[in-house]
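Notes for the structure review
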Amino acid sequence: MTAWLLVAPMLLPVLAAGVSFTLSGSRVAQQLLGVGVLTLVLADSVMLLVMAERDGPRAATLGGWPAPLGITLLADRLSALLLMVSVAVALAVLVFSIGQGFADSGRSSPYAFHPAYLLLTGGICLAYLAGDLFNLFVAFEMMLTSSYVLITLGAGADRIRAGMTYTITSLASSLLFLTSIALCYAAVGTVNLADLSRRMDAVPDGMVAALSVLLLVVFGIKAAAVPLHFWLPDSYPTAPAPITAVFAALLTKVGVYAMVRTQTLLFPRDGTWTLLAIAAIVTLLVGVLGAVAQDDINRLLSFVLVSHIGFMLFGLALFDVPGLTGTVLYTVHHIAVQAGLFLVAGIVVRLAGTASLTRLARAAPPPPVVAGLFLVPALSLAGIPPTSGFVAKFVLLQAGGEHGGAVPVLVGAALVTSLLTLYAMARLWRAVFSAGPERPPPGRYPGNVLILGAAAGIVLTGVGIAVGAGELGRISERAAHDLLERDGYREAVLGEEAG
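Residues numbered from 1 in each chain as written. Predicted model: local features only at pLDDT ≥ 70, side-chain atom pairs only at ≥ 80, totals over all residues. Heavy atoms only, no water.

Brief notes about the overall build of the chain
A tally of helices and strands in the chain yields 20 helices and 2 strands. Whereas a compact globule of 499 residues would reach a radius of gyration of roughly 23 Å, the chain reaches 22 Å, a difference of no more than 12%. Along the three orthogonal principal directions, the C-alpha set of the chain runs to about 70 × 55 × 40 Å. Residue burial in the chain is summarised as follows: out of 499 residues, 59% are buried. Restricting the contact set of the chain to residue pairs at least 6 apart, pairs at least 24 apart contribute 81%. For the chain, the exposed surface amounts to about 17800 Å²; the carbon and sulfur share of it is 66%. Treating the 26 positive side-chain charges of the chain as one cloud and the 26 negative ones as another, the clouds have centres 13 Å apart. (Helix = DSSP H or I, 4+ residues; strand = E, 2+ residues; numbered from the N terminus. Rg over C-alpha atoms; globule rule 2.2 N^0.38 Å. Buried < 20%, exposed > 50% of the residue type's maximum accessible area, 1.4 Å probe, protein only. Contact = heavy atoms within 4.5 Å. Areas by Shrake-Rupley, 256 points an atom, 1.4 Å probe, with all protein chains shown as cover. Lys, Arg positive; Asp, Glu negative; His and termini not counted. Charge placed at Lys NZ, Arg CZ, Asp CG, Glu CD.)

Shown next, in the form of structure tokens:
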């Protein structure tokens with residue numbers, strides 16, 4: 001039972017992607033297949049979270065080969081929680097894309113949207129559940145391949161250029177990742193994460209430090225941490241709204257997840273990691289200053305996305321339970337909030353025909369329902385009480401207040417970033433949604449109800465995170481304990497050999 005539950009989130013979307021190609025003559029069949037499969041995967045992820053919360057980490061080895069020789073899949077509180085929220089957002093974005101008609105737009109390869117989207121979702125699920133470095137690499141390659149297809153569907157010159165930037169950067173990251181895997185195998189003779197964790201104690205300190213920094217760079221590129229973020233603001237804004245939303249919400253968080261998993265499991269530390277704290281400071285400030293300078297709504301949100309990766313690095317840099325609790329909370333909150341903002345931005349651009357804030361300020365404001373859908377995640381991103389963003393930031397700032405060294409500077413950068421995020425959101429609100437005598441009055445929303453329903457579903461997910469912050473905080477705290485107390489992960493995979 002456990003093995004099937006662990007395999008299904010990866011296997012079902014991949015098999016469905018193949019079936020979807022055969023259904024290219026029937027778009028309705030493709031749509032129903034995609035929604036049905038992601039609904040099943042969402043139900044599966046809920047069951048995995050319940051099992052991980054009740055019984056601890058759950059592992060399965062595939063093909064009859066025992067760990068660490070065989071392929072291992074594992075779900076603990078962290079991976080199951082992120083899997084559940086990610087699949088829920090992927091499902092909502094798929095419904096949005098169906099309503100928007102992007103998959104049915106009659107472009108050069110319309111049949112490719114649903115198979116590529118399902119393959120992307122399968123790669124995301126595999127990344128969360130992979131129990132070894134090589135299959136984590138496979139997951140990233142699945143995401144890269146399907147992402148390039150999605151980002152270049154119906155492409156013009158600008159989107160091809162952005163897709164090439166994204167692909168070349170990702171390939172460079174993949175080469176570094178392969179190098180890291182080879183070095184790990186050369187050092188200890190295994191790529192299984194649990195076995196690596198057990199054997200890394202025998203590796204010289206210099207090699208451990210080099211491997212730690214190399215994997216930090218690899219996943220820093222995937223997560224778009226400064227100064228490795230340069231590809232994101234040029235790649236994401238050119239894609240259609242649903243693609244931008246799912247990339248911004250999920251792909252960067254998979255990078256953060258991989259960073260958290262490898263650094264805590266393979267390279268444990270007793271105190272604050274100064275290098276990562278400095279990276280978090282730079283990411284927070286450079287990203288938000290870039291956002292303030294933008295005139296394009298999608299580029300503004302892309303730079304805000306980069307900036308708020310710094311909050312997740314914040315908690316990881318502390319390397320204690322309160323800090324990691326904040327990282328888990330902030331990651332869950334940011335998945336929902338960032339997806340909601342990009343979907344609403346897509347609605348705004350669709351209605352006005354432009355993404356320029358200067359031109360939007362002279363156009364008719366969007367209908368009040370769209371303004372409401374924007375306001376809730378925008379306030380959450382800025383950390384205004386009682387939103388989920390406020391809860392996550394409060395946990396992080398409280399954790400940072402217990403440390404010295406570079407951490408007070410990190411706390412100050414986080415506060416400045418929150419204020420500048422509020423300014424950026426207010427500037428966007430004023431340009432897009434505020435009324436005035438020089439602007440036409442807002443009209444009624446002319447779009448498909450599926451678009452509003454999907455966007456509202458993601459916004460309500462963010463509200464639900466705030467309402468359930470108490471229980472979610474307790475799950476996040478237990479997940480943080482699991483990350484630092486590695487015995488549970490090792491025993492789930494290796495059994496009696498864990499010691």
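A look at the environment of Ile221
Within the secondary structure layout, Ile221 lies in helix α8 (residues 205-223). C-alpha of Ile221 to C-alpha of Val463: the two residues are 242 residues apart in sequence and 30 Å apart in space. With near-sequence residues (within four places) excluded, Ile221 lies in contact with Thr169, Ser173, Leu176, Leu228 and Trp231.

Here's the deal with the packing of aromatic side chains
Tallying each qualifying case throughout the model produces 15 aromatic pairs. When the ring of Phe137 is compared with that of Phe177, the centres are 5.9 Å apart and the planes differ by 70 degrees; the resulting orientation is edge-to-face. Note that Phe137 is positioned in helix α5 (residues 133-151) and Phe177 in helix α6 (residues 157-188), a separation of 40 residues in sequence. The pair formed by Phe137 and Phe177 is uniform in burial state, with each residue classed as buried. Through successive ring pairs, a cluster of aromatic residues spans Phe134, Phe137, Phe140, Phe177 and Phe219. Geometry around Trp273 places Arg269 over its ring, the cationic atom sitting 3.7 Å from the centre. (Phe/Tyr/Trp six-rings, centres within 6.5 Å; stacked < 30°, edge-to-face > 60°. Lys NZ or Arg CZ within 6 Å of the ring centre and 35° of its normal.)

Things to note about the side chain of Thr417
With respect to the helices and strands, the residue Thr417 is situated in helix α17 (residues 407-432). By relative accessible area, Thr417 is classed as buried at 0%. Here the side chain of Thr417 touches Leu284 through a polar contact of 3.5 Å, landing on its backbone oxygen. In terms of polar contacts, Thr417 uses its side chain to reach the backbone carbonyl oxygen of Ala413, at 2.7 Å. Apart from residues lying up to four places away in sequence, Thr417 is in contact with Leu284, Leu285, Val288, Ser307, His308 and Phe311. (Polar contact = N/O pair within 3.5 Å; in protein donor to acceptor, adjacent residues only side chain to side chain.)

A closer look at α5
Helix length check: α5 (19 residues) gives 26 Å between terminal C-alpha atoms against 27 Å at 1.5 Å per residue, within 8%. Among the residues of α5, the N-terminal cap falls to Asp132, whose side-chain oxygen and the backbone nitrogen of Phe134 are separated by 3.1 Å. (Expected span 1.5 Å × (residues − 1).)

Details of the environment of Thr61
Mapped onto the secondary structure, Thr61 falls in strand β1 (residues 58-62). Residue classification places Thr61 among the partly exposed residues on the basis of a relative accessible area of 36%. Sequence separation between Thr61 and Leu15 is 46 residues, and the spatial gap between their C-alpha atoms is 20 Å. The residues contacting Thr61, other than those within four sequence positions of it, are Pro66, Ala67, Ile71 and Thr72.

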